[in-house]
Amino acid sequence: MPFEVYYPRSENFVSVSKNHITLNRNLVSKLNADHVELAYDREKKVIRITAASQDSGLVLNKTRIGAKGFLQYFGIESKGKFPATFSEAEKSIYIQL
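Summary of the structure given here. (Residues numbered from 1 in each chain as written. Predicted model: local features only at pLDDT ≥ 70, side-chain atom pairs only at ≥ 80, totals over all residues. Heavy atoms only, no water.)

Attention now moves to the sheet that holds strand β7 (residues 80-87). With respect to topology, 8 strands assemble into a closed barrel ordered β1-β2-β6-β5-β3-β4-β8-β7, the strand pairing being antiparallel. Within the sheet, the average angular offset between the axes of one strand and its neighbour, ignoring direction, is 30°. Two strands pair when backbone bridges link them, and strand β2 (residues 20-23) and strand β6 (residues 64-66) are joined in this way by 3 bridges, in the antiparallel orientation. By the bridge assignment for β6, I21 is matched with I65. (Pairing = 2+ DSSP bridges. Helix = DSSP H or I, 4+ residues; strand = E, 2+ residues; numbered from the N terminus. Axes fitted to C-alpha atoms, helices over the stretch in contact; angles between N-to-C directions.)

Attention now moves to the environment of N26. Turning to its location among the elements, N26 is positioned in helix α1 (residues 25-31). For N26, a relative accessible area of 34% translates into the label partly exposed. C-alpha separation for the pair N26 and F13, spaced 13 residues apart in sequence, amounts to 9.2 Å. (Buried < 20%, exposed > 50% of the residue type's maximum accessible area, 1.4 Å probe, protein only.)

Once that is clear, we can look at the pattern of salt bridges. A full pass over the atoms with the stated rule returns 2 salt bridges. Here R48 and E37 are joined by a salt bridge, their closest N and O atoms 3.2 Å apart. Placement of R48 in strand β4 (residues 46-52) and of E37 in strand β3 (residues 35-41) is noted, with a sequence separation of 11 residues between them. Of the residues examined, R48 reaches a relative accessible area of 30% and is grouped as partly exposed. Judged by relative accessible area, which is 38%, E37 ranks as partly exposed. (Salt bridge = Lys/Arg side-chain N within 4 Å of Asp/Glu carboxyl O.)

Moving on, we come to the nonpolar core. One finds I21, L23, I49 and I95 to be the most contacted residues of the largest nonpolar core, which totals 24 residues. Those elements giving two or more residues to this core turn out to be β1 (13-16), β2, α1, β3, β4, α2 (68-73), β7 and β8 (92-96). The residues contacting I95, other than those within four sequence positions of it, are V14, I21, K45, V46, I47, I49, F82, P83 and A84. (Core = buried A, V, L, I, M, F, W, Y, C linked by side-chain atoms within 4.5 Å. Contact = heavy atoms within 4.5 Å.)

Considering all chains together, one arrives at 3 aromatic pairs under this definition. Summarising the aromatic geometry, the rings of Y40 and F74 are spaced 5.4 Å apart at their centres and angled 50° between planes, so their arrangement reads as tilted. With Y40 in strand β3 and F74 in the loop between α2 and β7, the pair connects residues that are 34 residues apart, well separated along the chain. For F74, a relative accessible area of 21% puts it in the partly exposed group. Three or more aromatic residues joined by ring pairs form one cluster here, namely Y40, F70, Y73 and F74. (Phe/Tyr/Trp six-rings, centres within 6.5 Å; stacked < 30°, edge-to-face > 60°.)

This is the structure in structure tokens:
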């Protein structure tokens, strides 16, 4: 039987569903933005979320990003909770799928 990793609830997690990406409140406070830019690294299967200006990017509605078009465009079919890291230097969230 393979080992399963336990992640405490205090860790940074991101939920990915068919239509949305949902951040935990800790990540939202670190990002400190109302609009975000989404990017995807196809080789490493990593999503990057960075703050965007008010006139560009997607709206961050409390903790949820409407990302249906983004997920479909890149063919991202992974769903569930994924660990996320915040880079202070780049002010970005990285989600390893």
